[in-house]
Amino acid sequence: MQNILKKKSFNKAIFYTFMAICFIASVFFVYHNEAFYDRPIAEVIKTEIKESNPVTDMYENEDHLYTQLITAVLKNGEKKGKLIHFTNDYSTSGAFDQEYHVGNKLFVSIKANTDKNGDLTGTILDVKRDQFLLIVAWIFIFALLIVGKRQGLFSIISLIVNSLVLSFALDLYVNSNINLIFISGVCVLLFTVISLMLINGLNEKTYAGIVATLIGTFISLLISALVLWITNENGIRYEEMQFLTRPYRVIFMAGLFIGALGAVMDVSITMASSMFALFEQNQNISDKALRTSGMDIGKDVMGTITSILFFVYISGSIPMLILYLKNSYPLGQTLSMNLSLELARALAGGIGVVLTIPISLYTSIFFINRKRAK
Amino acid sequence: MNVLVWLTAILFILMIVIGGKKGVRSFLSLFLNFGVLFITIFLMTNPKNSPVLLTFIACTVISWISLFFINEMSSKTMTAFISTMITIVVLLLFIVFVTDKSMIRGFGEESVEEISIFSLNIGVNFVQIGASVIIMSTIGAILDVAISIATSMHEILHHNPLISRKKLFTSGVSIGKDILGTDTNTLFFAFFGGYLSLLIWFKDLSYSIGEIINSKVFATEIIMIFCAGIGIALIIPITSSINAYYLTKKREKTENAS
């Protein structure tokens, strides 16, 4: 017994040491990876404000505009080590521009002509953000591992595998003519099986959860599609997706499909787990008792899970709503342009969540009875 | 008729049929939360108000509604409320720091066309708004974890009145772990669904990996997903320790009294 314990803590120590090494190595790498980028990267070494003016736009919004002179040193490419100068205009609000500080690393384009000192000039294209992304990713990984241990590890694995599946599926869609709804149908199947197995292991609970999730998601998609068809999509504004050169409708439906999936899985696995727990406590529990307790659990989770969806979707449009409102756009139009897709997604997801409650109730009872018969 | 009206009506009917009284309450709280969010956005348009402070107030009101309106005021919901507030403060500080450092404020590359007709110098602090967006999208999940753990820990103490503070804390964390898996899952897929069009856009333009990772939109999305996960992980020990502390303190008091 003691040996097993020792071995376990030894394995743990190895695991954490390994993670720590990965962390240090990757952070070191990402701070020194300029050579791996084709685009020129420059690090800001001096900034100077040349001009600053208060401005008022036509809607009486007050802001401050600045012009910044930046000196930076190139970090990669043939001209590595040379100085380069930029001018940067930015505002205090920073809706689409920003102030740069000493130490920022920027992607730049170099202009052919050089100034009289032999220094280069150029324009700023983008900010190098990979180092922050990596650090936040590590904080995420450590937070999940420390708090969640095994479950945390499985959520991380599930996130990675699911994003790979999604990325692969989208490659397939972009490069071929396969219908997106069909592709996302297959994805939904894979996502459900992968995530629920990782959350819950291979057992009857998981099977009940998978069946309930699939039925619930498909029915809710059917309902949403039906509503869109009956109303002729009245009230849905696709302007937000105008950057796409593809049919908006299909992509929106696919997003609806995948977006509701997590919430539906949440409901069905919660219901299945607690109903199986009830059954394991008392093997002779009647179907009727199971049904009432299952329904109570469902009612409890219904509100919270739908509100998770609402907050996720609606929060994303906050910046755009503010921009529209500050530009004196009519309120009704602002809302319908920016919220119609999000609200439709949230509502469709909510419908899926609520519908899944009775569905997973009956699938769980079905699987429990099958187990009982054995 | 309008799609949204239809969908809302269907959701409402389903909630009543399946959830009964509780369903009506859940629907009402969705409605109220939407109202709070809306008022917050309105107040944010005034540059004199700090968006982060407004977000904090909005989160307080939202938690109040979800905890004390759907579930009644009790020691359970009180501890859940306190833990939610602590988590939000910690997370908010972290997120403001991250959004500032990684410069993910404002609008991304995909909306260039849409915003080109607008005046962008509107005086509102977009760094803070970026932070607000992230915290607002996580508040639902944070509340869910807080109330689930508080409820189960009260239940555990009820069944096992002599349990030690440390054991109570560990059982709280182990309940949290189960919710961690499902709630992070809910958020991941919700984000995936919401960003599907962006992902297709990236694939269409055949951006290189380096360009995608460093672009503002993608960085924002990823940081949002990570921060949401961090928030859910963070509230588990916080709410478990507060509940363990409160419940054992309460037990000591009743013991002394008797």
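Bear in mind the structure is a predicted one, so any value in this text is a computation, not a measurement. (Residues numbered from 1 in each chain as written. Chains lettered and ligands numbered in written order. Predicted model: local features only at pLDDT ≥ 70, side-chain atom pairs only at ≥ 80, totals over all residues.)

Moving on, we get to the overall build of chain B. Counting its secondary structure elements, chain B contains 8 helices and 0 strands. When the helices and strands of chain B are placed in sequence order, the string is α-α-α-α-α-α-α-α. Oriented by its inertia axes, the alpha-carbon framework of chain B measures out at about 70 × 45 × 40 Å. Taking all 258 residues of chain B together, the buried fraction comes to 55%. Across chain B, the fraction of contacts at a sequence separation of at least 24, relative to all contacts at a separation of at least 6, is 81%. (Helix = DSSP H or I, 4+ residues; strand = E, 2+ residues; numbered from the N terminus. Buried ≥ 20, exposed ≤ 12 C-beta atoms within 10 Å, placed from the backbone. Contact = placed C-beta atoms within 7 Å.)

On to the overall build of chain A. Scanning chain A for helices and strands turns up 8 helices and 5 strands. In sequence order, chain A lays out its α and β elements as α-β-β-β-β-β-α-α-α-α-α-α-α. Over its C-alpha atoms, taken along the principal directions, chain A stretches across nearly 90 × 65 × 40 Å. The buried share of chain A, reckoned over its 374 residues, is 42%. Long-range contacts, defined here as pairs at least 24 residues apart, represent 69% of the contacts in chain A between residues at least 6 apart.

In this section: the packing of helix α6 (residues 165-204) of chain B against helix α8 (residues 216-257) of chain B. All names here are of chain B. Contact pair α6 / α8: the axes reach a minimum separation of 9 Å and the direction vectors enclose 160°. With respect to α8, the element α6 is oriented roughly antiparallel. Classified by chirality, the crossing of α8 by α6 is right-handed. Across the contact of α6 with α8, the residue classes tally to 19 nonpolar, 8 polar and 3 charged. (Axes fitted to C-alpha atoms, helices over the stretch in contact; angles between N-to-C directions. Parallel < 35°, antiparallel > 145°, perpendicular 65-115°, else oblique. Left-handed = near helix turned anticlockwise from the far one by under 90°. Nonpolar A, V, L, I, M, F, W, Y, C, P; charged D, E, K, R; others polar.)

Moving on: the interface of chain A and chain B. The interface is formed by 110 residues belonging to chain A together with 95 residues belonging to chain B. Looking at the side of chain A that touches chain B, the element that brings in the most residues is helix α2 (residues 130-175) of chain A, giving 23 residues. Taken together, the residues of the side of chain A that touches chain B break down into 64 nonpolar, 31 polar and 15 charged.

Where interface size is given, it is often the accessible area lost as the parts come together that is meant. Assigned domains of chain A: these are domain 1 (36-128) and domain 2 (179-373). For domain 1 of chain A and domain 2 of chain A, the distance between their C-alpha centroids amounts to 45 Å. (Domains from an automatic or database assignment.)

Next up on the list: the nonpolar core. Ranked by internal contacts, the top residues of the largest apolar core, which has 184 residues, are Leu-7, Ile-135 and Ile-223 of chain B. Those residues in contact with Ile-223 of chain B that sit more than four places away from it in its chain are Leu-133 and Val-136 of chain A together with Val-98, Ser-102 and Ile-104 of chain B. (Core = buried A, V, L, I, M, F, W, Y, C linked by C-beta atoms within 7 Å.)

With that settled, consider the pairing of strand β3 (residues 83-91) of chain A. Residue and element names in this part refer to chain A. Here strand β2 (residues 62-74) runs beside β3; their pairing, made up of 9 bridges, is antiparallel. For Leu-65, the partnering residue across the bridge sits in β3 and is Ser-91. Relative to strand β5 (residues 120-127), β3 runs parallel, the two being bridged by 2 bridges. Residue pairing across strands places His-85 opposite Thr-121, the latter belonging to β5. (Pairing = 2+ DSSP bridges.)

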